[in-house]
Amino acid sequence: SFYKAMAADGCLLNGSNYYDAWSSAARERFYSFSKAAHFAIGVESLWLDATEPENFPNRDQRCAGPSGSGNADFNSYSLQTTRAIADGLRRDFGDSQGRRVFSLTRSAFAGQQRTGATLWSGDISGAWDALRRQVAA
């Protein structure tokens, strides 16, 4: 399973359920699962929901991210996650899905547009009025 493989490879943050998005090896592992499950069968883009750690047990504490601060590092988690997908697609599917990478995510960080990620505002109702208010924002 995804979790068991990530745990066995040391790709999880501090024993949590979140992978270490700042590790190139962990990003590659994350992408390889996405590739096998989606891109290898022709899926062209992903809805990368929940690309930010929620309820991380080490909030306000030291962590394994680049700065060592969970609060500071988690802001860029979405950037690193969308980077994993974009880098892999551009490398492995440059003439198809990787030619124009697109992912939908509910969190973003400065520079994330380089990864082909589009931000959405999170959980909203499926009513036309809700969509109208989102587009106007």
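Refer to the structure above for everything that follows.
Described in the following lines is the structure provided in the data block. Since the structure is predicted, the reported quantities are computational estimates derived from the model, not experimental observations. (Residues numbered from 1 in each chain as written. Predicted model: local features only at pLDDT ≥ 70, side-chain atom pairs only at ≥ 80, totals over all residues. Heavy atoms only, no water.)

### Some remarks on the environment of W22
And step 1. Relative to the assigned elements, W22 resides in the loop between α1 (2-8) and α2 (24-37).
And step 2. Given the relative accessible area of 17%, W22 is considered buried.
And step 3. The spacing of W22 and Q80 is 58 residues in sequence and 6.4 Å in space, taken between C-alpha atoms.
And step 4. Within polar-contact distance, the side chain of W22 engages the side chain of S76 at 3.1 Å. (Helix = DSSP H or I, 4+ residues; strand = E, 2+ residues; numbered from the N terminus. Buried < 20%, exposed > 50% of the residue type's maximum accessible area, 1.4 Å probe, protein only. Polar contact = N/O pair within 3.5 Å; in protein donor to acceptor, adjacent residues only side chain to side chain.)

### Let's talk about the pattern of salt bridges
And step 1. Per the counting criterion, the structure on display carries five salt bridges.
And step 2. With a shortest N-O distance of 2.9 Å, E28 and R91 are connected by a salt bridge. Taken together, the residues E28 in helix α2 and R91 in helix α4 (residues 77-92) connect sequence positions 63 residues apart.
And step 3. On the basis of relative accessibility, which here comes to 47%, the residue R91 falls in the partly exposed class.
And step 4. Put simply, E28, K35, R91 and D92 are held in one network by salt bridges that share partners. (Salt bridge = Lys/Arg side-chain N within 4 Å of Asp/Glu carboxyl O.)

Without other data, these values stay purely geometric and don't point to any function.
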